[in-house]
Structure formats: C-alpha cells, structure tokens
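Structural overview
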Amino acid sequence: MAAKRPEGVGSTGLDPFAAHAGGRRSTRRDPLCRLRRHLPLEGRGIADKLIGSCQVGKEGFLRGFLATEEAAVPLIMSILREVRDPRDINARHNLAELLFLALAATLCGAKSCVDIAEFVEGREDELKEIVDLKHGCPSHDTFSRVFRLIDPQELSSALSAFMSALRRELGLGSPRGVVAIDGKALRRGYEKGRAFMPPLMVSAWDAETRLAIAATRALGSDEVGATLALLKSLDLKGCTVTADALHCRPDTAEALIAQKAHYALGLKANRGRLFAAAEKNFAAAGEIACFETRDTAHGRTEVRRASILPLAKLKDLPVFPGLKAIGRIEALRTADDKTATSVRYIVLSKLLTPRKLAQTVRAHWTIENQLHWSLDVVFHEDDARTRKDNAPQNLAVIRRLAQNILAAHPLDKPIASKMRRANWSKDFFYDLFTHMR
C-alpha cells in the first residue's frame, strides 16, 4: 500500500537510491513493517500495542498511519503560524513560510542564514509546491532579521507543540519512561567580547523515542532557572527525570514531585552533607547486591556495577524532598593498559533495582550521545557563528526540530546520511515530512 503524497506536492523527481536497493524488499510500501523494524527497542512495544488494540484491524491501523503522514506538512505549517510575527505590518514574506523554509534548508544541511537563502533560491520551483513565495525568494538578510527578532520562547513553544501533536497523532501520548534534562552551550554564538558567556540551551530528551520534546534558552546562563521553567511546561506524570549534579537541588526535586514525576539526579560534592552521608553509608554497608555490566569496544573495556541503598538503611541524611534511596555506579575502565576508576552517586525518589538503576543512568547519557553529539557533528552547532540578538537560540530550536524529523524517519541510516539524501532526492525530502514513526 503506497503512501500518498501531501496535497499540492508534485510527484516528479528521481530517487537516485532506488537503483541500489539490491533486490531487497522495500519497506517504503509497508508502513507497518517500517514502524516495527525501526522503532527503538523500548518503542517497539508501543507500536505493537497500537496495532494490537486497533478496533478495525491492520487495514484500519494503516489508514490511520497514512492519514498521519499526509497531515505532517500542514501540521508543521499550522504550528509555525502560531509564532507571533515581531515585524512591522509592511513585512513582505509570510513568517510561517520563512520558518518552514529555514527548517527545510536545515534538513538538507544548511548551517547559516546565507545557506538557507541559497537553498531556497536553488530549490525555488520545488518549494513553491509547498509554500507560495509570492514575493520571490527571501534574501539571507531577511532570514537573519527574522531570527534576530523572534522571541525564542515563541519558537520553543512551537517545538513543544509540534512534538506533542505528533505523539498524539501516533497514539504515543505523553512520555512515560526516562526524560533526560541537560544544557548545551552554543560555543561560537557569543557577542563580540563575550566569549566567556556563550548562549545556553536546555533540552528535554525522551530517551524511549529518542526525540527532543522541548528546548529553551537559559537567560544569563541560568541553567537551573531555565530547567525549572521547562519542567513546568511538560507533562511528566509517571516519568523518571534524570539530570546531572547541577540540578540536585531541593527546588528541582519539589518541582518534579509537583509534576507527579520521579527523579534520578546526579550527586556530587556541591551537595556537601548529602554527598558525605552517601559515601559514609555505602562504605559502612559492606557487601550489597549489585548489577554488573561489561562493555568492550574500540580497544577499551568498561565494567560498571550498580547498587542501591534504600532510605531505611541510610543514616544521618540531611532532609531532601522525596528522597527514597541513593544509588551508586562504580566504573572500571581499561584502555591502552591503563585503568581508571570512578564512583558516581544518584539520589532517587523511587526505590529501583540495581539493574533498573543501571538502565536509567545509561538512558540519561543518550541525550549526550544522540542529541548533543548529532547537533555538534552533523549540524555543526558549535561552529555556528550566528550571534546577534535572538538568532543563536532560534536557529538552535530549528536544528532540534530538524534533528527530530531526521531521526524519526524509518530509514536505517545515520542522520548525516539522511541529510545528504534529503538534499539529493526530492522524493526523500518529501518523505521526511510524511513518514513520521
């Protein structure tokens, strides 16, 4: 059953990759197969539940899935139209169209406003099948002015709205697993003479679906304040929210409890009394149950041991909201005949098994390995020199939306490969908007 192209989108254009299929059965004509094969391991259960619970059988599920695909581009445009236009009434280009063009260009590898303008000029005829471009192709100055003026919170809200709508259309609901929170500096997005204080973005990452669900800027590099504001805007009921030791604070714990979420927060010496109590209690506990993992790759071996002490076995603890247990991760890393050890502590609002603690901590690091790494290596975010006014933060949100769309496409290839294919193949470019897993 072939997926329909969105209304108003042409069907011309060659797919240069079709010739290299090697006789393998294509999953493009079988959305059900795509959904099952390419969801993360944790997410496959979600797809199976959706399929199993469908009242009208497989055909009904496919109709619903394809209807979601067809609605993808209008969905993005309708959400972008909600962004308030800060320009004067004599502005020529439609704001939602400008934002969509910037997103489309970023999906194809554009890194700056100059790149975006050149992309639109080079693909004008194809883009007119989606947007009007009544006044021709916008210049790079137009894109630059728009991103400098837009309130970053408006665009951040658009990202959250798009992800919520997409999850709702696919029947996924709100996140229910591990949600990782972390900040990332836009290292070259600083104003002249302020290299010591680059703009800072805080992202919320759904480790189960491996998608960024929200992002906001941290005014004055106040990551804690930005995180507290971000948490209030999300539906986190039943989630386990993870964050590094910067967020191991009573106000963060209270905010998560108010959201009916659990927390797993890194604990370091910045929480002096609590950290000292954790070290003392584990040292006095002697032999306790643990869960061990061993990974060998790239010439190095790492052994990790996870263990838990419940609140009942912890003594002389300072008060910390919602605390139910403290976990410990011991790591032994060997590379080039050198061995290094490390010990980390995690405060928990829910008593976990050692195995579950290890899985939760590993899930947290996917925000670094799959979001931040991709933004730096594929989107070259750390090299982006856009620095005026609100432009660094707004382009950062566009990158995160583009990263989500590329990651969501079911093709089993790296994000960099999908980006190149979007630039080379018109068909694949359209697929990015119509095949959302």
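Provided above is the structure to which this section pertains.
Presented here is an overview of the structure given in this document. (Residues numbered from 1 in each chain as written. Predicted model: local features only at pLDDT ≥ 70, side-chain atom pairs only at ≥ 80, totals over all residues. Heavy atoms only, no water.)

Overall, the coordinates contain 17 salt bridges when judged by the stated rule. Across the salt bridge formed by Arg 84 and Glu 154, the nearest N and O atoms sit 4.0 Å from each other. Here Glu 154 lies in helix H9 (residues 152-169) and Arg 84 lies in the loop between helix H4 (72-80) and helix H5 (95-107), a separation of 70 residues in the sequence. Overall, Arg 84 belongs to the partly exposed group, its relative accessible area being 48%. The class of Glu 154 is partly exposed, set by a relative accessible area of 24%. Between Glu 129 and Lys 426 there is a salt bridge, with its nearest N and O atoms 3.4 Å apart. Of the two residues, Glu 129 is situated in the loop between helix H7 (124-127) and helix H8 (140-149) and Lys 426 in helix H17 (residues 426-434); the sequence distance between them amounts to 297 residues. Look at Glu 129 and you get partly exposed, because its relative accessible area is 26%. The exposure class of Lys 426 is buried, given its relative accessible area of 9%. Because the salt bridges share partners, they merge into one network encompassing Lys 184, Asp 376, Glu 381, Asp 382, Arg 399 and Arg 400. (Salt bridge = Lys/Arg side-chain N within 4 Å of Asp/Glu carboxyl O. Helix = DSSP H or I, 4+ residues; strand = E, 2+ residues; numbered from the N terminus. Buried < 20%, exposed > 50% of the residue type's maximum accessible area, 1.4 Å probe, protein only.)

The next thing to look at is the side chain of Glu 97. Locating Glu 97 in the fold gives a position in helix H5. For Glu 97, which is buried and forms no salt bridge, the nearest opposite charge comes from Arg 81, at a distance of 6.7 Å. Among the polar contacts made by the side chain of Glu 97, one reaches the main-chain amide nitrogen of Asp 132 at a distance of 3.3 Å. Apart from residues lying up to four places away in sequence, Glu 97 is in contact with Met 77, Val 131, Asp 132 and Leu 133. (Lys, Arg positive; Asp, Glu negative; His and termini not counted. Polar contact = N/O pair within 3.5 Å; in protein donor to acceptor, adjacent residues only side chain to side chain. Contact = heavy atoms within 4.5 Å.)

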